[in-house]
Every structure is written in structure tokens, then in C-alpha cells.
Amino acid sequence: MTTPESLEFDSLLDYLKSTRSFDFTAYKKPTLMRRIRRRMSVVGLETFGDYRLYLENQPEEFAQLFNTVLINVTTFFRDTSPWEFLRDVALPRLLEQKGRFDPIRVWSAGCATGEEAFTLAMILVNLLGLEAFRNRVKIYATDIDEDALVLARMATFTERDVDQIPAETLDQYFERLNGKFVFKKELRRNIIFGRHNLLKDAPISRVDILVCRNTLMYFNAPAQARILARLHFALNEGGYLLLGRAETLLAHSATFKPVDLKLRVFSKIGSQRAVPPLFLTDIERNDSGPASVVHDDIRDAAFNGTGLAQLVIDRAGELVLANDSAKTMFGITQRDISRPFHELEVSYRPLELRSLIEKAYAERQTVRVGGIQLKQAGEDLWLNVQVVPLLRRSGDIGGVSIIFIDVTATQRLQYALEHAKVEIGTAYEQLQSTNEEMETTNEELQSTVEELETTNEELQATNEELETMNEELQSTNDELQAINDVARVSNAELDVANHFLESIFSGLGHRVIVLDRHLNVILWNRGADDLWGVRAEEATHRPISELDIGLPIDQLQSAINDILEGRERRIELTVKATNRRGKPVDCDVSLAPLVSRDGASIAGVILLTEARQFAKDGATSTLRRA
């Protein structure tokens, strides 16, 4: 049911998309609402409508909002077990499959401030050696948050950022500069940082290791499926995908298989299930529901299950897809994918296809050619060829699909059917009966599977939500730790200042008492302690009238009022008092105003006290103590 609050929230998301090109509609709504409310509470707003007006009037608020929504919680070697598996198992397997000088491509998707990318670099240098790393490795680190990427490109970290790195590793890969730790430049050159939207931008291709940790859990199910389609396309055969501990691929077992489910390490299932690039680059698709994502099984059925050999060529003239039948018929291998089509033999044999492709582009309709002869394995095959232009939603042509129809097989099948009609009829009835039994069994199994999948999805959603809240708590803890660090520095500075003032007072021999306007003690130096016998911790924050000292405050009340009311700037007088030893003394008291920080008002009164006592010969002596 749509509520006024929900409508205001949707309006806010539309505003963010139209003004800042940030599309949050694919994020999990409860999580997104919670984070935006957290920012709203900071600026003192209650409704999403009020917050939208606030954004319109305060453009600088966008940066604070995005920092709250896009939580950049990351550390070096975070959750050490997956990194150890990558170092000890996954990368050695990968290196065994590659030649000595073959390039190694790594993608850190959702890299935040770069710690994950630099962790990958350290692991690879340790395995390959410095020279091989510089010559063979490229690490692509991407994120949607441009502010985080600015910090990542600087490659500069505080002592707290690197406290998880062993000292030996720290010295090997970092340089100290002005109290900071800078990743070494000769290694930094192999890491490329760039802004990338996993939902809209085309994926980086031919990747061997793909790390996308604690990113999928923020998106809803349709968006997760769409992102995983891109990640599947990006990986090479035999490549590895690393996810976060709260993420799994139970609903995508057709494209990825677990290598170590506990550590969330997966490998790509072969290229025959790869997602067509024409789907991957369709940024106009609506993500509002499951129908927006083309299911792998449906796509495979459409592409491989027709029984027809089919090729797909993009507008740039590269072969982007070839189904199983086409690979078998024309000897196409996985290495031919992404090659220029004119370099392949199939482009001119058994017929010249390039001219047909140009004709299809020019006429914007299907071009058909029949009666094409192809010799294969000592047999003559007869083919009909169709070149079909592929139109995008925008109306532009994205490429062509070339379909080879084997007419020879169709004719042979028809001839066999005519001579074995009775046998086929009997076999068909038996097959139909068996098929009905299988369909019944399949429906029962499907119902059970759907119930299990629903339960798994609910558990996964709950797990992802808990992990999201844990990320937010960790972010809050980091902020509190930073505040504590600042407070400790301020306290240390205050202690130094107090010691400095006390040294001055002690050096001048003054017994200093400072009162606020309510005559509460706010400063009591060691001289006052020595004269009146009360320690500073006993006197501070208490009314001076409650202190058991020999100074007659009632006799000073009138002078104190004159100072507080501004009638006098300085008053000096002598009163009879009793010192800490219980002896009567004449006490010289000097009163002066305590001026507020801005100098506009009187915040209290300063009392300087000095005791004199009379010796037996009648001379006056001043009491002085070290």
C-alpha cells in the first residue's frame, strides 16, 4: 500500500537521480530509508519532503548524504581467511594455467578508498616478484563514489589505517612521509582507479580475479542478478569471484559454482552460459522488477537450444557471440570471441558474409540467402543464411545476428519420417506417456524447489540486512574513535596549559582563588592549598561559603558584589583570618574581575590572598612558603 511517506521518499530518489545522476532505486529500500533518516536526524528534519527542500537550498548537503548512504568501510586484509585462500590456493592454480609472460588482470569492484586494491597488489608481488608484477599485472579498482576514489588515488594512509599490516610488510610496500604511510610509486602504477556504476556501465573484460565484497548486499534481487550477469561476462574461464561474507550465489548456480562456500569464493561456469554483451550494455532497461533481467536459462534456450548455428557481430565488427552449433560447424573457439569478424574464415567461406552484413545495416531488415553448400567431414551440407539486424530500444543498430539453417538435415529428417511413420507414431505415444509422467514428477519437484528457494532468499535477505547494520555500526565506531582521539589531544593540551599557569602562580608566590558569578570555586592553586589547608580537588566546583577555611567570606561579600556588578575594577583590603595552622593572621586580599572570553561581560571574581602575622617585637612578617 502506498503511503504519503513512501511517495515523499520516491520523490526524493527521483530528485537525486535527476539532479546528481545517482540512481538509488535499485538499493534495498529499508536500508536506504534508514540511512537517509540517519542524515535527516543530524540536520534536524523529520520528513523526506522537508529533506528534499533542504537539499534544494543547501547544495553542500549532497556530499554529506552520499557519504552516509555509500558506506566506505574497508581495511587492509579485511577478514584474513579469503585473502589467505587467494594467496595459497586460487592464485597458484591460476598461475599454473597461464604462460610465463601472460598478463594477469584483476578487478576490485566497489573499492572505496583503495585498501582492497593495495592488498591485492601486495599479495601478487609476494607471489610473482616485483619485476613480474610490474610487467604482467593490471589491477582495476572502481567505485561509484568519486570522493572515495580521490583518497584512493593519493595512496596515503594514517598509522591507524595500517595497524593491521605486519611491520615487515609495511616497510616493504610503504614509505613514511610526514607521519603518513604512502604506497610505493613503482607498485602504484599498476593500479588503475576509475569511477564505475555496476548497474549501468559496461564491465571490465577478460578478468582473472574479481573481488566484489560487501557490495551486492545493498541491492535488491533484480539489481543483484543484473550485476552478476556483468561480473560473469567480465571473468575469464577459470577466473575467481570473491564476495563478502554475507553474500552468496544460491540463486545463480547456473553461472557460478562455489569453490569455497564458507569463504564466499566462486568460479565461473563455462563461456557457453556467458551473457551477451548487447544485453550488458543496455542501460535503458527498467529495474523495477524481475522481468527486467533476462534469465540465464531463457537466454540459453533462445540462443543454444534452437538447433541452428548462430553468430552475433557487434557494430564495431567484432564477433561477440557464437552458440554451440556455430562453434562446431565452423571450428570457432573461445579465443575467436572478441576478434574482428573479417579475420575469421567464416566471414568469407562458405559465402561472403561481410557484404550481406552491410546490406542488412543499410536496409535495416533481414537479408536471406539460400542454397549455400558447405563441405564438412566428407559430407555436403546445404544451408540457408539469414542476416538479422539487432535494434536497440533507442532505434540504433547494435549489431547483427547471422543464422545458418541446415536444410540438408531437415530434408533427411522428412524422408526418414515418411518411411517410418508407424514406428515413430508408436514411439511418440510411448514418449508422450513417459513425458507426462516426467512432467508430473517435475512439477512436484519444482514446487519443492521453489519453496526451498523462497526460504533461502528470506534467510539471505535477513543475513544481508544484519551485515549492513554491522557495517554501519563499524562506521559509527570509527567516527567515535576519531572523536576520542581529538578529545585526548585536547585534554593533554589542557593539562600542559594548567601546569603552565600553576608554575606562573607559584613563581609569583600568589595564593589564587577564582570564583564564578555564583561564588563557586573554579580555580584553587597550590598556594591557596598551602595557606588555607584545603586541596584543589576538595574545593573546586563547590561554593566557597561551604569550605572550612579561616578566610571570612562574609566580610568580603560587599567587595565581591562591587566587582561582579562592575562598580569597581580592583579592590584591596585587609581582613582578620586564620591560617591552616589555626593561627590568627592579617590577610591582604586583592579582588579583580574575571572577564568573559569575548570581553563583553564579567564571568566571576579573582581573589589574590596573602597572610601577614605580627612577630613578638611588633614587626610584621609575610608568610611565604615554597
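Our structure is the block above this text.
Residues numbered from 1 in each chain as written. Predicted model: local features only at pLDDT ≥ 70, side-chain atom pairs only at ≥ 80, totals over all residues. Heavy atoms only, no water.

Asks: Is there a simple way to think about the pairing of strand β9 (residues 256-260) in this case?
Replies: Consecutive side chains of a regular strand alternate in pointing toward one face of the sheet and then the other. By the bridge criterion, four bridges tie β9 to strand β10 (residues 265-268) in an arrangement that is antiparallel. In the sheet register, K257 faces β10, and the bridge partner there is S267. (Pairing = 2+ DSSP bridges. Helix = DSSP H or I, 4+ residues; strand = E, 2+ residues; numbered from the N terminus.)

Asks: Teacher, can you tell me more about the sheet that holds strand β3 (residues 156-157) here?
Replies: Strand pairs in the sheet, formed through backbone hydrogen bonds, run parallel or antiparallel to each other. Overall, antiparallel pairing links the three strands, which are arranged β3-β5-β4 in an open sheet. Every other strand in the sheet has two partners, leaving β3 and β4 (174-177) as the edge strands with one partner each. Summarising the sheet, β3 and strand β5 (residues 180-183) pair through two bridges and their orientation is antiparallel. Directly across from F157, in β5, lies its bridge partner F181. Packing of helix α6 (residues 115-128) onto the sheet brings it into contact with β3, β4 and β5, and relative to β5 it is tilted by some 60°. (Contact = heavy atoms within 4.5 Å. Axes fitted to C-alpha atoms, helices over the stretch in contact; angles between N-to-C directions.)

Asks: Even after reading the chapter, I still don't get the packing of helix α5 (residues 80-97) against α6, so can you show me in this structure?
Replies: A packed helix pair is summarised by two numbers, namely the angle formed by the two axes and the spacing between the axes. Where α5 contacts α6, the axes come no closer than 11 Å and their chain directions differ by 55°. One way to sum up the angle between α5 and α6 is to call them oblique. Every pair of crossing elements has a handedness; the one defined by α5 and α6 is right-handed. Touching W83, L86, R87, L91 and L95 of α5 are E116, T119, L120, I123, L124, N126, L127 and L128, all from α6. Of the residues assigned to the contact of α5 with α6, the class counts are nine nonpolar, two polar and two charged. (Parallel < 35°, antiparallel > 145°, perpendicular 65-115°, else oblique. Left-handed = near helix turned anticlockwise from the far one by under 90°. Nonpolar A, V, L, I, M, F, W, Y, C, P; charged D, E, K, R; others polar.)

Asks: Teacher, can you tell me more about helix α8 (residues 146-154) here?
Replies: In an α-helix, one turn spans 3.6 residues; hence positions three or four apart end up facing the same way. Within α8, burial applies to A148, L149 and A152. One face of α8 carries all of its buried residues, which in axial projection span an arc of 100°. On its buried face, α8 is in contact with α6, β2 (137-143) and β6 (191-195). (Buried < 20%, exposed > 50% of the residue type's maximum accessible area, 1.4 Å probe, protein only. Arc of directions from axis to C-beta.)

Asks: What's the story with a negative patch on the surface in this structure? I'm lost.
Replies: Together, E436, E437, E439, E443 and E444 line one region of the surface with negative charge. Looking at where E443 falls in the secondary structure, it is placed in helix α17 (residues 421-508). On the basis of relative accessible area, E443 is assigned to the exposed category, the value being 56%. (Patch = residues over 30% accessible without salt bridge, like charges linked within 9 Å, V, L, I, M, F, W, Y side chains within 5 Å. Areas by Shrake-Rupley, 256 points an atom, 1.4 Å probe, with all protein chains shown as cover. Salt bridge = Lys/Arg side-chain N within 4 Å of Asp/Glu carboxyl O. Lys, Arg positive; Asp, Glu negative; His and termini not counted. Charge placed at Lys NZ, Arg CZ, Asp CG, Glu CD.)

Asks: What is the right way to look at the side chain of R105 in this model?
Replies: Here R105 is to be found in strand β1 (residues 104-109). Buried charged residue R105 carries no salt bridge. Nearest counter-charge: D208, at 6.3 Å. At 2.9 Å, the side chain of R105 and the backbone oxygen of S205 are in polar contact. Leave out the neighbours within four places in its chain, and R105 touches K138, Y140, I204, S205, R206, V207, D208 and I209. (Polar contact = N/O pair within 3.5 Å; in protein donor to acceptor, adjacent residues only side chain to side chain.)

Asks: What am I meant to see in the sheet that holds β1 here?
Replies: Pairing within the open sheet is mixed, and its seven strands lie in the order β6-β2-β1-β7-β8-β10-β9. Pairing within the sheet leaves two strands with one partner each, and these edge strands are β6 and β9. Within the sheet, the average angular offset between the axes of one strand and its neighbour, ignoring direction, is 20°. In the sheet, strand β8 (residues 235-243) pairs with β10 via three bridges, with the strands oriented antiparallel. Looking across to β10, one finds that Y240 is bridged to S267. Along the sheet, α8 makes contact with β2 and β6, crossing β6 at roughly 165°.

Asks: Sorry, what's going on with the environment of I123 here?
Replies: The residue I123 is located in helix α6 in this model. Taking the C-alpha atoms as reference points, I123 and L91, 32 residues apart in sequence, are found 9.3 Å from one another.

Asks: Explanation requested: the pattern of salt bridges in the structure shown.
Replies: For side chains of opposite charge, pairing can occur when their charged atoms come near one another. A full pass over the atoms with the stated rule returns 28 salt bridges. The partner of K98 in a salt bridge is D208, with the nearest N and O atoms 3.3 Å apart. In this pair, K98 sits in the loop between α5 and β1 while D208 sits in strand β7 (residues 207-212), placing the two residues 110 residues apart along the sequence. Overall, the relative accessible area of 3% leaves D208 in the buried class. Between R488 and D485 there is a salt bridge, with its nearest N and O atoms 2.1 Å apart. Here R488 and its partner D485 are both found in helix α17, three residues apart, which amounts to about one turn of the helix.

Asks: Explain the nonpolar core here, please?
Replies: Among soluble globular proteins, nonpolar side chains are generally buried collectively. The biggest cluster of nonpolar side chains holds 43 residues, and the ones touching the most others in it are I139, F174, F183, I191 and F193. Residue contributions to this core peak at nine residues, all from α6. With near-sequence residues (within four places) excluded, I191 lies in contact with A117, F118, A121, I139, A141 and F183. Core analysis: the next-biggest nonpolar cluster, separate from the first, contains 41 residues, F48, L210, L241 and F256 among them. (Core = buried A, V, L, I, M, F, W, Y, C linked by side-chain atoms within 4.5 Å.)

Asks: Please clarify how a nonpolar patch on the surface should be interpreted in this entry.
Replies: A surface patch of nonpolar side chains, about 390 Å² in accessible area, is lined by L413, L417, I424 and Y428. Secondary structure elements with two or more residues in the nonpolar patch: α16 (407-419) and α17. On the basis of relative accessible area, I424 is assigned to the partly exposed category, the value being 35%.

Asks: Which parts of the structure should I look at to understand the packing of aromatic side chains?
Replies: Two measures describe an aromatic ring pair: the distance that separates the ring centres and the angle between the ring planes. Applying the stated criterion to the full structure yields 10 aromatic pairs. Here the aromatic rings of F9 and F48 are separated by 5.0 Å at their centres, their planes lie at 65°, and the arrangement is edge-to-face. Residue F9 is found in helix α1 (residues 4-20), and its partner F48 is found in helix α3 (residues 48-57); the two are separated by 39 residues along the sequence. Taken together, the aromatic side chains of F76, F118, F157, F174, F183 and F193 make up a single cluster linked through ring pairs. Seen from the ring of Y361, R315 lies directly overhead, with NZ or CZ sitting 3.9 Å from the centre. (Phe/Tyr/Trp six-rings, centres within 6.5 Å; stacked < 30°, edge-to-face > 60°. Lys NZ or Arg CZ within 6 Å of the ring centre and 35° of its normal.)

Asks: Whenever I open this one, unusual backbone geometry confuses me. Can you help?
Replies: Note: most peptide bonds trans; most residues except glycine with negative phi. That bond from R349 to P350 is cis: its omega, 20°, falls within 30 degrees of zero. Within the secondary structure layout, P350 lies in the loop between α14 (324-330) and α15 (354-363). Positive phi outside glycine occurs at L519, with the angle close to 65°. Of note in the backbone geometry, H541 takes a positive phi value of approximately 70° without being a glycine. Tracing the chain through its elements places H541 in the loop between α19 (536-539) and α20 (553-564). Classification of H541 as exposed rests on a relative accessible area of 66%.

Asks: For this particular structure, what's the right way to read the pairing of β7?
Replies: Counting buried positions along β7 yields six of six residues, so the element is predominantly enclosed. Relative to β7, β1 is paired through three bridges, and the arrangement is parallel. Bridge pairing links W107 to L210 in β7. Taken together, the five bridges between β7 and β8 define a ladder with parallel strand orientation. Bridging across to β8, V207 finds its partner in L235. The β-α-β motif built from β7, the intervening helix α11 (residues 221-234) and the parallel element β8 has right-handed crossover chirality. (Right-handed = clockwise from strand over helix to strand, strands pointing away.)

Geometry only, nothing functional implied.
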